Amino acid sequence: MVKGSALASLIVLCWTSSLSAQTIYPIDRAEILAGAQFDFKVELPGLVDPARLKVTVNGADYAETFGRAGTFVAREDGKDQSALILRDVTLARPGSVTVDVSDGTNQRSIAWTVYETGPRKAKNVILFIGDGMSPAHRVAARILSKGIAEGKSRGKLAIDDMPHMALVATAGSDSIITDSANSASAYATGHKSAVNALGVYADRTASPFDDPRVETITSLARRRHGMAIGIVTNTEIEDATPAAMVGHTRRRAAYDEIVEQYFAAKPDVLMGGGSANFLPKSATGSKRKDEADYIVKFHEAGYQIATTASELSASAAKSETGRLLGLFATGNMDGVLDRKFLGGGGVKKFPEQPDLTEQVQAALNILSKNETGFFLMVESGLIDKYAHLLDMERAVYDTIMLDNAVRQTREWARARGDDTLILVLADHNHPNSLVGTVNDDMGSTPNVPLRERVGVYEQAGFPNYPAPDAEGYPSRVDVSRRLAIFSASLPDHYETFRPKLDNPNEPTVKAADGGTFKANEKYRDVPGAVLRPGNLSAMIGASVHSGEDVILTATGPGSERVHGSMDNTEVFRVMVEALGLAAGQ
């Protein structure tokens, strides 16, 4: 029996040993699709004599298992650390796999699971992602778009009215709190990754482009079945969620290189904002660092180019259109509230941006021409952007837009005989909660501070938004009894308790030191505004993500696997099993 200081010493010894042991990619407990490509890497903590290095897979030399030897790097990045790497390997046989590494001094053992899939069930897979969509956004979207009376909703959202549901855990390999890069990467690859990383295990090297790669579902779908690929968003197309469908880098901000990776992958449909990184450096509005013109490159590769809603409609209607690049703004596109009602944001500069429903319909028209089926990812990405800015009304309207896109897609699938797996989920949560209503109409009680007008429990009652239009949008958000949605993560800011009717909210601005943020004085003199000291560092100027599970709903062939509690990597497995993408299928 180990006691007292001896136990403490043992714990320290074990902890120190684990820190100095080798790092192996893929990581311990990785689940690997049979036949999927990945990079195998061993990072050694110091300089190692290759003659003493022993790496086995299920007891056999790794080179025998993978069919060739890897590259031994004596001094990785010029430092006193060695490494072994082998690119684009596969494991075809399902089962448990044990990897053992010994350098003569240190040793480590990890386990993987290689899994197969059954026969193909679905012709197509459509993955809808409401970026940052919390349960509060879903509930608010239901109340605004369907109405509520005597406590009962007058209708259901299409994203909720699906036969299968699960809670999905979102933590990354480096933190319990994820960003859109590694969370979307988990869906696209079935592997965990680190914050800011796309399609790779983030290693210790300086370069953000040499990290161990894992194959994406878009690559698998095309390589295994010759399927068409579509990626649709209303953010910059280079942003983390869409980029995760094809990208391989641990630096999600590498927009130029992500555009280059899109061009190499050549998805059949690619739509969103972000034209600034497609344009040559000398062009107006460009953010590229070189003179490469990727709009010209895509056009020369056979793509129809659309920059407005009318051009999109015309291109999608052409029978000969097989490839489409749609770029509708230099940066992010604008959300529903600005495009359809308020005219804020970038609407004056880009007045003819398509709705997400128009983008999806065009994608379905083009992709469905492929007889072997397609994979399509659709992101309503501004839900997240607005949630970061504490702009709850805009986030909710874009949740309604996502629901409209899902509804039309489900109708499209039913007309085809339900050959399509449809999944809807968030990539991560925001810590938003619907706590009641804000009541401006206090009757005979004048001059009540807005803070005292937040009604909870029976004082909340019901909001009085006007009846929604045919698309589910009330014509006004500045009503006298509004939903009160607040975030648990806050920068210092002035809370006005009111919708922002001119432009999207800007709760903070850069401070004079250039490295911190302060409350935006723009809102200081708004009647009833309250300065709210934040619970976030002054280095952070917006609300941040949270670690709760997200909601996944699904319908169509293969959706029965969605139930209970799942990990985000299992979403990938649901899709590849529906498509039968394992080796031998």
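Residues numbered from 1 in each chain as written. Predicted model: local features only at pLDDT ≥ 70, side-chain atom pairs only at ≥ 80, totals over all residues. Heavy atoms only, no water.

Further remarks concern the pattern of salt bridges. Scanning the model with the defined rule gives 34 salt bridges in all. Notably, a salt bridge pairs Asp-268 with Arg-222, separated by 2.8 Å at the nearest N-O pair. You can see Asp-268 sitting in the loop between helix 7 (255-265) and strand 15 (269-273) and its partner Arg-222 sitting in helix 5 (residues 217-225), a full 46 residues away along the chain. For Arg-222, a relative accessible area of 30% gives the class partly exposed. The partner of Arg-252 in a salt bridge is Asp-239, with the nearest N and O atoms 3.1 Å apart. (Salt bridge = Lys/Arg side-chain N within 4 Å of Asp/Glu carboxyl O. Helix = DSSP H or I, 4+ residues; strand = E, 2+ residues; numbered from the N terminus. Buried < 20%, exposed > 50% of the residue type's maximum accessible area, 1.4 Å probe, protein only.)

Here we come to the nonpolar core. Among soluble globular proteins, nonpolar side chains are generally buried collectively. Ranked by size, the top nonpolar core spans 145 residues in total, and within it Phe-40, Phe-66, Trp-112 and Leu-423 carry the most contacts. Considering each element in turn, this core owes the most residues, 11 residues, to helix 13 (residues 392-415). Membership of the second largest hydrophobic core comes to five residues, among which are Val-438, Leu-450, Ala-484 and Phe-497. (Core = buried A, V, L, I, M, F, W, Y, C linked by side-chain atoms within 4.5 Å.)

Turning our eyes to something else, we now look at unusual backbone geometry. Excluding glycine, residues mostly have negative phi values, and the peptide bonds linking residues are mostly trans. Backbone torsion omega between Tyr-25 and Pro-26 reads -5°, so that peptide bond is classified as cis. As for its placement among the helices and strands, Pro-26 is situated in the loop between strand 1 (23-25) and strand 2 (31-33). For Asn-196, which is not glycine, the phi torsion reads 80° and is therefore positive. Along the chain, Asn-196 falls in the loop between helix 4 (180-189) and helix 5.

Let us now look at the sheet that holds strand 5 (residues 60-61). Pairing in this open sheet of five strands is mixed, and the strands run 2-9-8-4-5 from one edge to the other. The open sheet has two edge strands, strand 2 and strand 5, and neither has a second partner. In this structure, strand 8 (residues 95-102) lies alongside strand 9 (residues 107-115), joined through eight bridges in antiparallel fashion. By the bridge assignment, Thr-98 is partnered in strand 9 with Ala-111. (Pairing = 2+ DSSP bridges.)

A few words now on the environment of Leu-450. Tracing the backbone shows Leu-450 in the loop between strand 20 (432-439) and strand 21 (454-455). A relative accessible area of 4% means that Leu-450 is categorised as buried. Considered as a pair, Leu-450 and Arg-250 are 200 residues apart in the sequence and their alpha carbons are 44 Å apart.

Turning our attention to the side chain of Arg-410. Assignment of secondary structure puts Arg-410 in helix 13. Although Arg-410 is buried, it makes no salt bridge; Asp-161 carries the closest opposite charge, 4.9 Å away. (Lys, Arg positive; Asp, Glu negative; His and termini not counted.)

Side-chain positions along a regular strand alternate between the two faces of the sheet. Two strands pair when backbone bridges link them, and strand 4 (residues 54-57) and strand 8 are joined in this way by four bridges, in the antiparallel orientation. Bridging across to strand 8, Thr-56 finds its partner in Asp-100. Counting the residues between successive antiparallel strands, the hairpin from strand 4 to strand 5 contains two residues, one of them, Asn-58, with a positive phi of roughly 50°.

It is worth spelling out the packing of aromatic side chains at this point. Throughout the structure, instances matching the rule amount to 15 aromatic pairs. Summarising the aromatic geometry, the rings of Tyr-25 and Tyr-201 are spaced 5.6 Å apart at their centres and angled 25° between planes, so their arrangement reads as stacked. In this pair, Tyr-25 is assigned in strand 1 and Tyr-201 in the loop between helix 4 and helix 5, connecting sequence segments 176 residues apart. Look at Tyr-25 and you get buried, because its relative accessible area is 8%. Note on Tyr-201: relative accessible area 2%, which makes it buried. Its end group placed over the ring of Tyr-294, Lys-297 keeps NZ or CZ at 5.4 Å from the ring centre. (Phe/Tyr/Trp six-rings, centres within 6.5 Å; stacked < 30°, edge-to-face > 60°. Lys NZ or Arg CZ within 6 Å of the ring centre and 35° of its normal.)

Pairing in this open sheet of three strands is antiparallel, and the strands run 21-20-22 from one edge to the other. The two strands at the open ends of the sheet, each matched to only one other strand, are strand 21 and strand 22 (481-487). Pairing geometry for strand 20 and strand 21, over two bridges, is antiparallel. The residue of strand 21 that forms the bridge with Thr-437 is Gly-455. Packing against the sheet, helix 3 (residues 135-146) makes contact with strand 20 and strand 22, and its axis sits at approximately 40° to strand 20. (Contact = heavy atoms within 4.5 Å. Axes fitted to C-alpha atoms, helices over the stretch in contact; angles between N-to-C directions.)

In this section: a nonpolar patch on the surface. On the surface, Val-435, Val-456 and Tyr-457 cluster together into a nonpolar patch covering about 320 Å² of accessible area. If you trace the backbone, Val-435 turns up in strand 20. Here Val-435 falls in the partly exposed class, since its relative accessible area comes to 37%. (Patch = residues over 30% accessible without salt bridge, like charges linked within 9 Å, V, L, I, M, F, W, Y side chains within 5 Å. Areas by Shrake-Rupley, 256 points an atom, 1.4 Å probe, with all protein chains shown as cover.)

Take the packing of helix 5 against helix 14 (residues 568-579) next. A pair of packed helices is captured by two measures, namely the crossing angle of their axes and the spacing between those axes. Close contact between helix 5 and helix 14 brings their axes to 11 Å; oriented N to C, the two are set at 10°. One way to sum up the angle between helix 5 and helix 14 is to call them roughly parallel. Residues Ile-217, Leu-220 and His-225 of helix 5 touch helix 14, and the partners they reach there are Phe-572, Met-575, Val-576 and Leu-579. Along the lines of polarity and charge, the residues of the contact of helix 5 with helix 14 split into six nonpolar, one polar and no charged. (Parallel < 35°, antiparallel > 145°, perpendicular 65-115°, else oblique. Nonpolar A, V, L, I, M, F, W, Y, C, P; charged D, E, K, R; others polar.)

Here we come to the environment of Asn-404. Residue position: Asn-404 is located in helix 13. Judged by its relative accessible area of 16%, Asn-404 falls in the buried class. Residues contacting Asn-404, with those up to four places away along its chain left out, are Thr-357, Glu-471 and Tyr-473.

None of this, on its own, says anything about what the molecule does.
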